[in-house]
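Each chain, written out:
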Amino acid sequence: MPILPPLKPMFDAMNSADMADTNQTIAERRVMMDTMVEQSFTQLQIPQAPLAEERDVQIPVAGGEIALRIYRAAPNGKSKPCHLYFHGGGFWMGTLAQGDSACRAIAHGADCVVVSVDYRLAPEYKFPTAAEDAYAALLWVTEHSAALNIDASKISVGGGSAGGNLAAAVALMARDRSGPKIVSQLLEIPVTDLSSDKLLEFPEEDLTVASGKTQYGGLYLSTSVDASNPYASPLLADDLSNLPPALIMTAEYDPLQPEGEKYAQRLQQAGVEVEYKCWEGQFHGSQALSALIPAEAAEYSAKIIQVLRKYQN
């Protein structure tokens, strides 16, 4: 179906914009892009009120430390399930603050503790740093579950775009390394194959949408060989059996849609319980634009809450 009318002006502007500026350093570009996200996507969200507990902690990881932001909707009572959340941003940008609304909605709606992970970014930190940081966060949350008042037997993972990639990688790592049990993985508009940079074409609309993988994949990966590593490209894993149940959601006008759907199909073929949904008339990240598409955004959020409650209870 066509792009939803409230989204079309923003989609057209994004699809025609040229973000490249060779005169800027990566750090300068990151500040520019994060500011742009906050002035566009963040401003077009219906704000979620801060929760009873929102606090940052630092945890050790190989070669340094990272921050986690912990969200709890109500003061400590009985132990709660936990959802480990990884923000998007092409592996080279994105902040904890940009995930506040999503994390607050999940913590409140699913009655769980949400832990958002501020993994280290490329190109200063190449693959597999972000994936290893994400897995280290899972280990830390599990090891400190009593102090966090978390039920360590009910931990899920999830995130959007690059964050969806990291959630899938963590699920693979936990299986391969006999790590903590993960009850479900919620992969939103995920990157699943960094070896492919295909365009998404809509001939009937005379429209082509580029993926941008050449840019962010080049920042994240040290060599082209890394793209075949399943912790970078989960779709390329030889074995996808014995993984947690998955919710995979894509958007019709997103170049990542085909690989998200293929990952759902491969998981199903491997015997994994999977629910897949493509949001028609939407583009990459538009699900967050709740002020523009309130009904669709509410339905999207409700699906996440439904799946979390199903596997965390």
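Below, the structure is looked at part by part. Since this is a predicted model, take the numbers as computed values, not measurements.

Conventions and cut-offs
- Residues numbered from 1 in each chain as written.
- Predicted model: local features only at pLDDT ≥ 70, side-chain atom pairs only at ≥ 80, totals over all residues.
- Heavy atoms only, no water.
- Buried < 20%, exposed > 50% of the residue type's maximum accessible area, 1.4 Å probe, protein only.
- Helix = DSSP H or I, 4+ residues; strand = E, 2+ residues; numbered from the N terminus.
- Pairing = 2+ DSSP bridges.
- Right-handed = clockwise from strand over helix to strand, strands pointing away.
- Salt bridge = Lys/Arg side-chain N within 4 Å of Asp/Glu carboxyl O.
- Axes fitted to C-alpha atoms, helices over the stretch in contact; angles between N-to-C directions.
- Contact = heavy atoms within 4.5 Å.
- Core = buried A, V, L, I, M, F, W, Y, C linked by side-chain atoms within 4.5 Å.
- Left-handed = near helix turned anticlockwise from the far one by under 90°.
- Nonpolar A, V, L, I, M, F, W, Y, C, P; charged D, E, K, R; others polar.

## Description of the pairing of strand 9 (residues 246-253)
Next, step 1: The element strand 9 is largely enclosed, with a buried count of 8 among its 8 residues.
Next, step 2: Pairing between strand 6 (residues 184-188) and strand 9: 4 bridges, direction parallel. What sits directly across from leucine 187, in strand 9, is isoleucine 248.
Next, step 3: Taking the sense of rotation as the criterion, the β-α-β connection linking strand 9, helix 8 (residues 257-269) and strand 10 (residues 274-283) turns out right-handed.

## Points about the pattern of salt bridges
Next, step 1: Inspection of every chain in the model, using the stated rule, returns 15 salt bridges.
Next, step 2: The salt bridge partner of arginine 72 is glutamate 53, with a shortest N-O separation of 3.1 Å. Taken together, the residues span a long stretch of sequence, with arginine 72 in strand 2 (residues 64-72) and glutamate 53 in strand 1 (residues 53-61) at a distance of 19 residues.
Next, step 3: We note a salt bridge from glutamate 132 to arginine 177, for which the minimum N-O separation is 2.8 Å. In this pair, glutamate 132 sits in helix 4 (residues 129-143) while arginine 177 sits in the loop between helix 6 (162-176) and strand 6, placing the two residues 45 residues apart along the sequence.
Next, step 4: Taking the relative accessible area as the measure of exposure, glutamate 132 reaches 30% and is therefore partly exposed.

## Some thoughts on the sheet that holds strand 6
Next, step 1: Judged by pairing direction, the sheet is mixed, and its 8 strands sit side by side in the order 1-2-4-3-5-6-9-10 without closing on themselves. The sheet terminates laterally at strand 1 and strand 10, the two strands that pair on one side only. Within the sheet, the average angular offset between the axes of one strand and its neighbour, ignoring direction, is 20°.
Next, step 2: Sheet analysis places strand 2 next to strand 4 (residues 113-118), joined by 5 bridges and oriented antiparallel. Its bridge partner being in strand 4, leucine 68 is matched across the sheet by valine 117.
Next, step 3: Running over the sheet, helix 6 touches strand 3 (80-86), strand 5 (150-160) and strand 6 and is turned about 140° from strand 5.

## Here's the deal with the nonpolar core
Next, step 1: Ranked by size, the top nonpolar core spans 81 residues in total, and within it Leu68, Phe86, Val141, Tyr220 and Tyr263 carry the most contacts.
Next, step 2: Ranked by the residues each element gives to this core, the list is headed by helix 6, at 10 residues.
Next, step 3: If sequence neighbours within four positions are ignored, tyrosine 220 has contacts with Phe91, Ala122, Lys126, Phe127, Ala130, Ala131, Leu166 and Leu194.
Next, step 4: Counting residues in hydrophobic clusters, the runner-up holds 20 residues, among them Cys103, Ala107, Ala110 and Cys112.

## Thoughts on the packing of helix 4 against helix 6
Next, step 1: Interaxial distance between helix 4 and helix 6 falls to 9 Å at its minimum, and their mutual angle equals 65°. Here the hand of the crossing between helix 4 and helix 6 comes out right-handed. Residues Ala130, Ala131, Glu132, Ala134, Tyr135 and Leu138 of helix 4 lie in contact with helix 6, whose contacting residues are Leu166, Ala169, Val170, Met173 and Ala174.
Next, step 2: Here the residues of the contact of helix 4 with helix 6 are counted per class, giving 10 nonpolar, no polar and 1 charged.

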